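Read off the chains here:
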Amino acid sequence: MTTQSPPSLPISARFLVGVLRFPGTNCDFDTFEAIRNVPGLEPVWIGHIETDLAGMDALILPGGFSYGDYLRTGAVAAQAPVIDAVRSFARDGKPVLGICNGFQILVEARILPGVLLVNTSRSFICEEAPLVVQNNCTPFTSLLSEGNRLSLPIAHQEGRYYLPDKDLKELERRGQVVFRYLQNPNGSANAIAGISNPEGNVVGLMPHPERRSRSTAPGTGGFLIFESLLFSLLHPSAIPSGPAGQSLSPA
Amino acid sequence: MKTASTFRIPPEEMNMIRDLLGKDPTLTEEAVFSAMWSEHCSYKSSRVHLRAFSSRHPRVVSGPGENAGIVHLRDGLCLAFKMESHNHPSYLEPFQGAATGVGGILRDIIAMGARPIAVANSLVFGSLRHPFHRTLFRRVVEGIAGYGNPIGVPTVGGEIWFDDRYQDNILVNVLAMGVVEDRSIMTAKAPREGLLAIYIGNRTGRDGVSGAAMASRGFSSESGDLRPQVQIADPYAGKNLMEATLEIARRRLAEAVQDMGAAGITSSSTEMAGRAGLGMEIDVEKVPLREFSMEPWEILLSESQERMLVLADPKNVEPIRDIATRWHLSSDIIGHTITEPHFIVRNGQRVVADIPIAFLTDDAPLYTRPSTTLPSSPDRHPFPPSFSGTHSLSDLFRKMLESPNGGDPRWIYRHFDFEVQTRTVLGPGHDASVLDLKDRKGSAVALSVVSLPHACSRDPFRGGRLSVAKAVTELAAVGAFPLGMTDCLNFGNPENPAIMGTFQDAVRGIASAGIALDIPVVSGNVSLYNETNGKSIPPTPMIGMTGLLSSVRNRIGGRVAGPGFRLALVGRMGPLDLGGSYLDWILGEDSPGPVPDFDAGALNSLVTFMSAASMHGRISASRAIGRGGLIRSLLLFLDGDPAHGVFMELDEPVDPVKFFFSEAPGRLLLAYRPEEEFPLSDMALETGVPFKPIGYSASHRWMIRYRNVDLQRKEWTESLHDLKNRYRTSLSQYMEELP
């Protein structure tokens, strides 16, 4: 016997990851593909009027635009029927990731704290954004460690994270900042690029990991986010427990 | 009764219409003629000349006459692409004008059944010293972003030029490309009578009424406010319409599809029927409306956005309308194809127009407008160039970098989502963009957009040829070979013989280069009457060219990765003329020498060499010698990091101004690891491509040693930091201080 069996993954592992689609969502295929490229994860489409998320192991709200975002970004999607189901899914402690517009929807739905304002340049910014990992106690950063650097692209007009000073201090103190920009591109408070809820199972970030998940992409840092998800689902106990302290519930 | 036309149809054409119909046209009929006989729809001044273009090539699946051109890639996978102008509307309302330009060209691609994978643009404005042009520029860029970003199609590349000669007429040209399986390709030709015409998309409003006719005239101070003739973009509906149309195509529910673009319902219905020698009956009462009390002629001429006209068998109407509803779109059956080749418009029971379709298309006026041509390039500029001596090389280079034309275009493309769809493996900032097709074989396509306004103003024939050659060179730089091209021909008033002469010259130039290089012209667009108060723009043809790579993994980027790479020049080295170059534009001398030409054989060899070298992975980076000549291209080559510099040592004597600043096409800068030098030079020898090592990339320095024609040793050093700083800020400095 010379063949080696793949050691890491039980053959039977197959986790269902719901990929949400609102009318107008345009990073849906990219995200779906990025998930599909991780053996062990299986993407499943979830429509905006879905109310039953039973069977899902994790949820991802992809980026792009929802309902055209002619109103405040994410504001209409936050009222969609599926959002109540997302809220209780999150309350159950299951992993939820909001990317870009998905992050905007999560804050509009008050599932994550804060707001995302128009960039200080008041223009759309599409460029590479070097990041520092601030917290590896989430299901999406479990293969990383604090201080790790990775580079992911941003593409948004409303990505300036904002919280009133007092709440911001609390957010920092509880370790809810997950990613920080090395060079603040959009004027975000404390250069915040991504945060989690107090429990750590819900993460939102403005940069696009799905755009760095193909071997032909300019970088492959995005793999780490989705591989972390698989690792966390396989080994729930291996994730350090979420940020300590009392919850900072969204206002 | 012979009164002036309500729709500003010229008196002699009104007489033609009366002769054809044998009566005075009704108001609705006159409206239909005004749109279909407009320059924009009929190509009446340009059509006779466009016959020079060849679309014959075994790769071509669909050529001019359809919504977009299509070439075959491999294994049934095809590429649809087309370029279009939106100049007039963008000057009037830059955001909406540019946004609807993007929307319109995307729908042309979608109507072929193709999923758009990229858009690109080519923009020309007046000088940024004028605050008005800063506003136009900013709003056009935001408009392109405002459509491309939400609909989820990456804007992957483009060209920019600022020039006072475009003070009163800016140019906004957009290109879109998409992929389609051969069995899902749609046509815009009605196959038989008895098909139902189904309207899907946004409701029709009064925006953009008579837009095609507006874009077929010059501007004048008496024009008044033309903004109501500009259309309004709705990218959200556009995205839904895209998904709905692609689903209809994929499920093969439709017999023909056309975008309701210029001249709206009128052109789409008459053209689809007309191509097949059939007729069409439309009932305007059935058209979904946004506002009540619209007149039939307004409904017919409205250019409201995000609408498609689908021809389908009655049995497929229900599934098609179901798809529309599912994508939140309005739909209704508004007519049907008929055997009698007439365009019949009803308003309920009342017939408001009945016109034989041939009157609108075949019998439309076709002009061979008088033209005067100037002598071709070499004779026109009999004097040798006089630049050298008066300025130092360093001064010339700095002048180039001071103008926004020589600056970093990053300010523009950071507005564009160039990565959505995760196909963009080489995006803006490289010579050509490369897109991953994500098929099993790892195929990738490349896209290059070229405009050379100054070369074309010096010599439209050579300028046209040069544009094609430059596009080929840029494709070669990334390792691609050319598939086909599309063009957008922006000119002034065709009734002026001198303008018509430049038009003919440029068309001849592009056509001759296409034939010499065996690159078919598969689609295109003509924009005439770019004039204001009698002053026309210089001739400005723009070229979009697509290419195919052996594999996505073999692409070659345009930036040196670090110090220690060998640098070489490949391609035919002479004659290095300066006419029409960026240097020529900066200095504005009277006799800059001829606009350079190219050698088709040498260019084809270069493409072969690059394709072969890319397959072996021997080249780390490459960049075409473009705007500003070797020296500016070198700076772009080193743009990956502020510390990346160069040490160059040339052994053969050179005429420095020509050597460093000529933009003669067919030459590339290469960067490679030292051990690749022998294999590469062998390969170059085999393919007959001149190969000349010139130095290597170095850290924190800019040093060039050469000998001039008098064999004197010269050294050219610069502060690397200063050069890069100038490059980075010369465009953005005009934009960032704005409120």
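Rules used throughout
Residues numbered from 1 in each chain as written. Chains lettered and ligands numbered in written order. Predicted model: local features only at pLDDT ≥ 70, side-chain atom pairs only at ≥ 80, totals over all residues. Heavy atoms only, no water. 1 Å grid on protein atoms, 1.4 Å probe; cavity = no way out; pocket = protein on both sides within 12 Å on 5 of 7 lines; lining within 4 Å. Points joined across faces, edges and corners; volume = space filled by probe spheres on them. Helix = DSSP H or I, 4+ residues; strand = E, 2+ residues; numbered from the N terminus. Nonpolar A, V, L, I, M, F, W, Y, C, P; charged D, E, K, R; others polar. Buried < 20%, exposed > 50% of the residue type's maximum accessible area, 1.4 Å probe, protein only. Pairing = 2+ DSSP bridges. Patch = residues over 30% accessible without salt bridge, like charges linked within 9 Å, V, L, I, M, F, W, Y side chains within 5 Å. Areas by Shrake-Rupley, 256 points an atom, 1.4 Å probe, with all protein chains shown as cover. Salt bridge = Lys/Arg side-chain N within 4 Å of Asp/Glu carboxyl O. Contact = heavy atoms within 4.5 Å. Buried area = accessible area lost by both parts, 1.4 Å probe. Phe/Tyr/Trp six-rings, centres within 6.5 Å; stacked < 30°, edge-to-face > 60°. Lys NZ or Arg CZ within 6 Å of the ring centre and 35° of its normal.

A. Main features of empty space enclosed by the protein. All names here are of chain B. For the structure shown, the criterion picks out six cavities of 30 Å³ or more. Of the voids in this model, the largest cavity is the one considered here, and its volume is about 670 Å³. Considering the residues around the largest cavity, the lining is formed by 37 residues, among which Gly158, Glu159, Pro409, Gly429 and His430 are closest to the centre. Secondary structure elements with two or more residues in the lining of the largest cavity: strand 4 (115-125), strand 5 (155-162), helix 16 (410-413), strand 16 (444-451), helix 18 (460-478), strand 23 (621-624) and helix 22 (629-637). No other element matches the five residues that strand 5 contributes to the lining of the largest cavity. Looking at the lining of the largest cavity, its residues break down into 16 nonpolar, eleven polar and ten charged. Quantified by volume, the second largest cavity comes out at close to 200 Å³. Lining the second largest cavity are 19 residues, with Leu452, Gly580, Ser581, Tyr582 and Glu663 sitting closest to its centre. At the level of elements, helix 17 (453-458) and helix 18 are the ones that each hand at least two residues to the lining of the second largest cavity. A total of three residues in the lining of the second largest cavity trace back to one element, the largest contributor, which is helix 17.

B. Region of the structure containing the pairing of strand 25 (residues 667-672) of chain B. All names here are of chain B. For strand 25, a buried count of six out of six residues is recorded, marking the element as mostly surrounded by other parts of the structure. Of the two faces of strand 25, the one lined by Arg667, Leu669 and Ala671 and the one lined by Leu668, Leu670 and Tyr672 are each fully buried. Both strand 22 (residues 566-571) and strand 25 contribute to a ladder of six bridges, which runs antiparallel. Looking at the pairing, Arg566 lines up with Tyr672 of strand 25. As defined by bridge partners, strand 23 adjoins strand 25 across four bridges and the pair is classed as antiparallel. Looking at the pairing, Ala624 lines up with Leu668 of strand 25.

C. Seen up close, a nonpolar patch on the surface. Taken together, the side chains of Val115(A), Leu117(A) and Tyr162(A) define a hydrophobic patch exposed on the protein surface, amounting to about 220 Å² of accessible area. Looking at the secondary structure, you find Leu117(A) in strand 5 (residues 115-117).

D. Quick look at the interface of chain A and chain B. If you look at the interface, chain A gives 26 residues, while chain B gives 27 residues. Overall, the association of chain A and chain B removes approximately 2,300 Å² of surface from exposure, summing both partners, and the carbon and sulfur fraction of that is 50%. On the chain A side of the interface with chain B, the three residues burying the most area are Phe124(A), Cys126(A) and Thr216(A), jointly 24% of the side's total. Seen at the junction of chain A and chain B, the total is five salt bridges. Between Arg414(B) and Glu127(A) there is a salt bridge, with its nearest N and O atoms 3.4 Å apart.

E. Up close: the packing of aromatic side chains. In this structure the tally under the stated criterion is 23 aromatic pairs over all chains. Seen from their ring centres, Tyr582(B) and Trp585(B) are 6.1 Å apart, and the 20° between their planes marks the pair as stacked. Residue Tyr582(B) and its partner Trp585(B) are both found in helix 20 (residues 582-587); the two are separated by three residues, about one turn of the helix. Here Tyr582(B) falls in the buried class, since its relative accessible area comes to 1%. Considering the side-chain rings of Phe660(B) and Tyr706(B), the 5.5 Å spacing of their centres and the 75° angle between planes classify their relative orientation as edge-to-face. Of this pair, Phe660(B) sits in helix 23 (residues 656-661) while Tyr706(B) sits in strand 27 (residues 702-707), and the two are 46 residues apart along the sequence. Residue classification places Phe660(B) among the buried residues on the basis of a relative accessible area of 0%. By relative accessible area, which is 7% here, Tyr706(B) ends up buried. The ring centre of Phe29(A) lies 5.3 Å from the NZ or CZ of Arg21(A), which sits over that ring. Sitting over the face of the ring of Trp45(A), Arg21(A) holds its NZ or CZ atom 3.9 Å from the ring centroid.

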